[in-house]
Amino acid sequence: MKKTPKQIAAILCIVLLVLLYVATLVVALLDFPGSDRLFAACLMATVGLPILLWIYIWLYGKYRERRSGAGLSGTKDDAKND
């Protein structure tokens, strides 16, 4: 079964989120210099990564629409957007 770029991005995001959760847990349990900043960075990445994925999927959809010729004046889609 062929994977679409959206599916590949979603799977990659899931893997990265799991790794971030593990890294956040390890950093929270260990005490070393700079661990507080690393912990904050892990938490920020946990929030930011899904947002970046959503932006990527949204932009990819817009790119595909433009490339396929959708959105030309006089189509049903233009009437919905007005």
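What counts, and where the lines are drawn
- Residues numbered from 1 in each chain as written.
- Predicted model: local features only at pLDDT ≥ 70, side-chain atom pairs only at ≥ 80, totals over all residues.
- Heavy atoms only, no water.
- Patch = residues over 30% accessible without salt bridge, like charges linked within 9 Å, V, L, I, M, F, W, Y side chains within 5 Å.
- Areas by Shrake-Rupley, 256 points an atom, 1.4 Å probe, with all protein chains shown as cover.
- Salt bridge = Lys/Arg side-chain N within 4 Å of Asp/Glu carboxyl O.
- Lys, Arg positive; Asp, Glu negative; His and termini not counted.
- Charge placed at Lys NZ, Arg CZ, Asp CG, Glu CD.
- Helix = DSSP H or I, 4+ residues; strand = E, 2+ residues; numbered from the N terminus.
- Axes fitted to C-alpha atoms, helices over the stretch in contact; angles between N-to-C directions.
- Parallel < 35°, antiparallel > 145°, perpendicular 65-115°, else oblique.
- Nonpolar A, V, L, I, M, F, W, Y, C, P; charged D, E, K, R; others polar.
- Phe/Tyr/Trp six-rings, centres within 6.5 Å; stacked < 30°, edge-to-face > 60°.
- Buried < 20%, exposed > 50% of the residue type's maximum accessible area, 1.4 Å probe, protein only.

Asker: Could you give an account of a positive patch on the surface, with specific residues and numbers?
Answerer: A surface patch of like charges, here positive, comprises Lys-2, Lys-6, Arg-64 and Arg-67. Assignment of secondary structure puts Arg-64 in helix H2 (residues 35–68).

Asker: Residues and numbers for the packing of helix H1 (residues 5–29) against H2, please.
Answerer: Relative orientation and spacing of two packed helices are given, respectively, by the angle between their axes and the distance between those axes. Packing of H1 against H2 leaves a shortest axis separation of 9 Å and a crossing angle of 170 degrees. Taken together, the axes of H1 and H2 are roughly antiparallel relative to one another. Residue classes in the contact of H1 with H2 are distributed as 22 nonpolar, three polar and one charged.

Asker: So what's going on with the packing of aromatic side chains? Which residues, and what values?
Answerer: Scanning the entire structure with this criterion turns up two aromatic pairs. A centroid spacing of 6.3 Å and a plane angle of 10 degrees characterise the contact between Trp-54 and Trp-58, whose relative ring orientation is stacked. In this pair, Trp-54 and Trp-58 both sit in helix H2, four residues apart, roughly one turn of the helix. Relative to Tyr-60, the ring of Tyr-56 has its centre 6.1 Å away and its plane inclined at 25 degrees; by these criteria the two rings are stacked.

Asker: Any details on a nonpolar patch on the surface? Residues and values, ideally.
Answerer: Nonpolar side chains collect at one region of the surface, where Ile-14, Val-18, Val-22, Leu-25, Val-26, Leu-29, Leu-30, Phe-32 and Leu-38 lie side by side and expose about 830 Å² of accessible area between them. Ranked by residue count, the leading element in the nonpolar patch is H1, at six residues. On the basis of relative accessible area, Ile-14 is assigned to the exposed category, the value being 53%.

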